[in-house]
Amino acid sequence: RRIYTTFVALQPISADMGPTMVWPGTHTEYFCSFYKPRMLGPVDIYYEEHPPELMTLAAGDAALLDTRVMHCGGRNSSDRDRFLFHFSFESTEEPDRPAGFTYNLVPELRGKHRLDDFRAASSQRSAEG
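As the structure is a prediction and not an experimental result, all values here were calculated from the model. (Residues numbered from 1 in each chain as written. Predicted model: local features only at pLDDT ≥ 70, side-chain atom pairs only at ≥ 80, totals over all residues. Heavy atoms only, no water.)

Considering the nonpolar core
As a reminder, the rule being used: The set of buried Ala, Val, Leu, Ile, Met, Phe, Trp, Tyr and Cys residues whose side-chain atoms join them within 4.5 Å is what this entry labels a nonpolar core. Only protein chains enter the calculation, and the probe is 1.4 Å; a residue is then buried if its accessible area is under 20% of its type maximum, exposed if over 50%, and partly exposed in between. Each helix is a run of DSSP H or I of at least 4 residues and each strand a run of E of at least 2, with the numbering of both proceeding from the N terminus. Throughout, a contact is declared for two residues whenever any of their heavy atoms are within 4.5 Å.
Core analysis: the largest hydrophobic core is formed by ten residues, namely Phe7, Ala9, Ile13, Met17, Val22, Met55, Leu57, Ala63, Leu65 and Val69. Among the elements of the structure, strand 1 (3-9) and strand 4 (62-66) are those that each provide at least two residues to this core. With residues up to four places along the chain from it excluded, the contact list for Ala63 reads Thr5, Thr6, Phe7, Met55 and Leu57. Ranked by size, the runner-up nonpolar core spans five residues in total, among them Trp23, Phe31, Met39 and Met70.

Below you can see the structure in the form of structure tokens.
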């Protein structure tokens, strides 16, 4: 199953605000099937040997993330709250699996919208405007 999440910065997100940390390459089939099951949680040596990329963003920037990639929020050491708007799309490859990666999709919305719906609406608006 594939789930893609888009994070939209509602304000500038600097390094001291605890931006989302991402470990590139951890979404691969090999990593997911071989390495992740053997990891020792947050104390695993992988984190020392592979520092994360920080998703610092300007206000209005959007970052698209394959949610299989290891990621987490960082510690906010600033005096500002960090605000992000986020939304996710999941594939329909396995309809019998539970909804979402953390089972947090609103049941009434499941299967109601598809990415193509938004593309079609955007194309229609462009043609009209």
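As for the pairing of strand 2 (residues 20-23)
To be explicit about the condition: The pairing criterion is simple: DSSP has to find at least two bridges between the two strands.
Relative to strand 5 (residues 70-73), strand 2 runs antiparallel, the two sharing four bridges. Bridge pairing in strand 5 links Thr20 to Gly73. Sheet topology places strand 2 next to strand 3 (residues 53-54); two bridges connect them, and they run antiparallel. Bridge pairing in strand 3 links Met21 to Leu54.

Considering the sheet that holds strand 6 (residues 84-90)
Our working rule: Lines fitted to C-alpha atoms define the axes, with helix axes restricted to the stretch in contact, and inter-axis angles between N-to-C directions lie between 0 and 180 degrees.
Overall, antiparallel pairing links the three strands, which are arranged 4-1-6 in an open sheet. Pairing within the sheet leaves two strands with one partner each, and these edge strands are strand 4 and strand 6. With direction set aside, neighbouring strand axes in the sheet form an average angle of 20 degrees. In this sheet, strand 4 lies alongside strand 1 in antiparallel orientation, the contact comprising five bridges. The partner of Thr5 across the bridge, within strand 4, is Leu65.

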